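# Coordinate analysis (summary)
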Amino acid sequence: MSDAPPTPILVLHDGAAGNRRQALALAEAWGLPFDEQTLMPRAPWRWAAPRAFPGGKGAFGPRFAATLDAPPAVAIGCGRQAALATRLLRERGARVVQVLHPRLPTPHWDAVVLPAHDGVAEGGNVITLNGSLNPIDDAWLARERAASPAIGAAPGPITALLVGGPTDDSDWDRHALDGILELLLRWRQRDGGTLRVIGSRRTPSAMRKQIAVAVGDRGHVWMGDADGPNPYAGTLAWADRLVVTPDSANLISEAAATRAPLWIAVPRYSRGRIRHLVAHALDSGRARPLGPEGTPWTVDPWRESARVAERLRPWVLEAIAARQAPPCDGRADASAANAEAGTSAAS
């Protein structure tokens, strides 16, 4: 058995790609050792999370039960299941950060990180950010360029269209997609260079076929595993111009974290919470509505993961130091200390 102390930071998620990416982005931004655990929720807790029921030690299986017996100094969770896990860890003395709204009062956690487009005001233990957390910074971009030299060897300018899919709050359709593709093909005809179009899991099959037919041999299309390895990261890193559909906070946020100018296609189709993010990107000058003009401009990239990490860094280091310090008589109860820490985490 190893006598090494447990890793001070634990990342928790339910395995969903978006939840995992956000939680890891925050942990990686601190540059401190961390472990990662994929939760295995069990009934009845998985139905009610993040609400807590008696017997919560068994909510996520034996591995998490062992974690409760030896909790980390700091835990990061993203998503509803992780919100219950971090609640349980906080009761055992860990300081916890919840990413995305837990749909319960935020004082159950020490710090809660929310997208500003959720409409919750920053203050207390709530920190808001533009869009979503992601790992993209200059070092990430350099690594992805080095890993994808063939993308960068294509004739410039490299224009990339990142396609999500219609949603209730962004019901753009095939006619809108026709207009987007026609406009970008005109850009290519006028400016030369390379057009790359990348779909996502949410891109409907009919739209995937529509894209493939419209672009043909005039660009590079990736719509899924049948088209080879996913070139998303390398395309973000090499693109001279980025265009996104108006439906995905993650796509908008990750494109905005690069140093490429960003256009949002058909922004008029966005409503609800995503509309607030689209409007902020446009109003701040980080993005422009897609139109005939394709001239690049100098941008200030969104680096929200680094900003949030720096806000929380003193609090994290304090938690780790407190865990490593020898015990002394008369110290405050862990849950009371965490409640006080939560008040100052976002200050």
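Since the model is a prediction, treat every value here as computed from it, not as a measurement.

Conventions used here
Residues numbered from 1 in each chain as written. Predicted model: local features only at pLDDT ≥ 70, side-chain atom pairs only at ≥ 80, totals over all residues. Heavy atoms only, no water. Helix = DSSP H or I, 4+ residues; strand = E, 2+ residues; numbered from the N terminus. Rg over C-alpha atoms; globule rule 2.2 N^0.38 Å. Buried < 20%, exposed > 50% of the residue type's maximum accessible area, 1.4 Å probe, protein only. Contact = heavy atoms within 4.5 Å. Areas by Shrake-Rupley, 256 points an atom, 1.4 Å probe, with all protein chains shown as cover. Lys, Arg positive; Asp, Glu negative; His and termini not counted. Charge placed at Lys NZ, Arg CZ, Asp CG, Glu CD. Pairing = 2+ DSSP bridges. Right-handed = clockwise from strand over helix to strand, strands pointing away. Axes fitted to C-alpha atoms, helices over the stretch in contact; angles between N-to-C directions. Phe/Tyr/Trp six-rings, centres within 6.5 Å; stacked < 30°, edge-to-face > 60°. Lys NZ or Arg CZ within 6 Å of the ring centre and 35° of its normal. Arc of directions from axis to C-beta.

Each helix and strand in the protein chain was counted, giving 13 helices and twelve strands. By the compact-globule yardstick of 20 Å for 347 residues, the protein chain fits well, its C-alpha radius of gyration being 22 Å. Taking the principal axes of the C-alpha coordinates as reference, the protein chain spans close to 75 × 40 × 35 Å. Per-residue burial over the protein chain gives 52% buried out of 347 residues. If you take every contact in the protein chain between residues at least 6 apart in sequence, the share linking residues at least 24 apart comes to 66%. Entry remark: accessible area of the protein chain is about 15800 Å², with carbon and sulfur atoms responsible for 54%. Taking the average place of the 39 positive charges on the side chains of the protein chain and the average place of its 35 negative ones, the gap between the two points comes to 3 Å.

What follows deals with the pairing of strand β7 (residues 158-162). Judged by how many residues are buried, β7 sits mostly within the fold: five of five residues are covered. Here β7 shows a buried face lined by Ile-158, Ala-160 and Leu-162 and a second buried face lined by Thr-159 and Leu-161. With five bridges joining them, β7 and strand β8 (residues 194-198) adopt parallel strand pairing. Residue pairing across strands places Ile-158 opposite Thr-194, the latter belonging to β8. Since β7 and β8 lie parallel, the crossover through helix α7 (residues 174-191) that links them has a hand, and here it is right-handed.

The next point concerns the sheet that holds strand β12 (residues 287-289). Strand pairs in the sheet, formed through backbone hydrogen bonds, run parallel or antiparallel to each other. The six strands are arranged β9-β8-β7-β10-β11-β12 in an open sheet whose pairing can be described as parallel. On the outer flanks of this sheet lie β9 (220-222) and β12, each paired with one strand and no other. Taken over all neighbouring pairs, the strand axes of this sheet differ in orientation by 20° on average, direction set aside. Judged from the three bridges that link them, strand β11 (residues 262-264) and β12 form a sheet pairing that is parallel. The residue of β12 that forms the bridge with Ile-264 is Pro-289. Against the sheet, helix α10 (residues 249-256) contacts β7, β10 (241-244) and β11, and its axis sits at roughly 165° relative to β10.

Let's shift gears to the packing of aromatic side chains. For the coordinates displayed, the defined rule picks out three aromatic pairs. Between Phe-60 and Phe-64, the ring centres sit 5.3 Å apart and the planes meet at 85°, which makes this aromatic pair edge-to-face. Residue Phe-60 is classed as buried on the basis of its relative accessible area of 3%. Considering the side-chain rings of Trp-187 and Trp-263, the 5.0 Å spacing of their centres and the 70° angle between planes classify their relative orientation as edge-to-face. On the criterion of sequence distance, the pair formed by Trp-187 in helix α7 and Trp-263 in strand β11 is long-range, its members being 76 residues apart. For the pair Trp-187 and Trp-263, one class covers both residues: buried. Clustering of aromatic rings is evident, with ring pairs tying together Trp-187, Trp-263 and Trp-297. Above the face of the Trp-297 ring, Arg-288 is positioned so that its terminal group lies 3.8 Å from the ring centre.

What follows covers the sheet that holds strand β5 (residues 111-115). The six strands lie next to each other as β2-β1-β3-β4-β5-β6, forming an open sheet whose pairing is parallel. Across the chains shown, the open sheet's two edge strands, defined by having one partner strand only, are β2 (34-38) and β6 (126-129). Put simply, the sheet's adjacent strands are angled 20° from each other on average, direction ignored. Pairing between strand β3 (residues 74-78) and strand β4 (residues 95-99): five bridges, direction parallel. Each residue of the ladder has a partner; that of Gly-77, found in β4, is Gln-98.

This part is about unusual backbone geometry. A cis geometry characterises the amide bond from Ala-43 onward to Pro-44, with omega recorded as 0°. Looking at where Pro-44 falls in the secondary structure, it is placed in the loop between β2 and α2 (45-48). Following Gly-156, the chain continues to Pro-157 via a peptide bond in cis, the omega torsion being 0°. With respect to the helices, strands and loops of the structure, Pro-157 is situated in the loop between α6 (149-152) and β7. A positive phi angle, near 80°, is found at Leu-100, a position not held by glycine. On the secondary structure map, Leu-100 appears in the loop between β4 and β5. With phi around 65°, Arg-103 is a residue other than glycine that occupies positive phi space. Considering the arrangement of structural elements, one finds Arg-103 in the loop between β4 and β5. A relative accessible area of 54% places Arg-103 in the exposed class.

Okay, helix α8 (residues 205-215) next. Buried within α8 we find Met-207, Gln-210, Ile-211 and Val-215. Along α8, the residues classed as buried sweep out an arc of 110° about the axis, all on the same side. Facing away from the buried surface of α8 by more than 90 degrees, the exposed residues are Ser-205, Lys-209 and Val-213. If you follow the buried residues of α8, they end up packed against α7, β8 and β9. Phi for Gly-216, located one or two positions after α8, is positive at around 55°.

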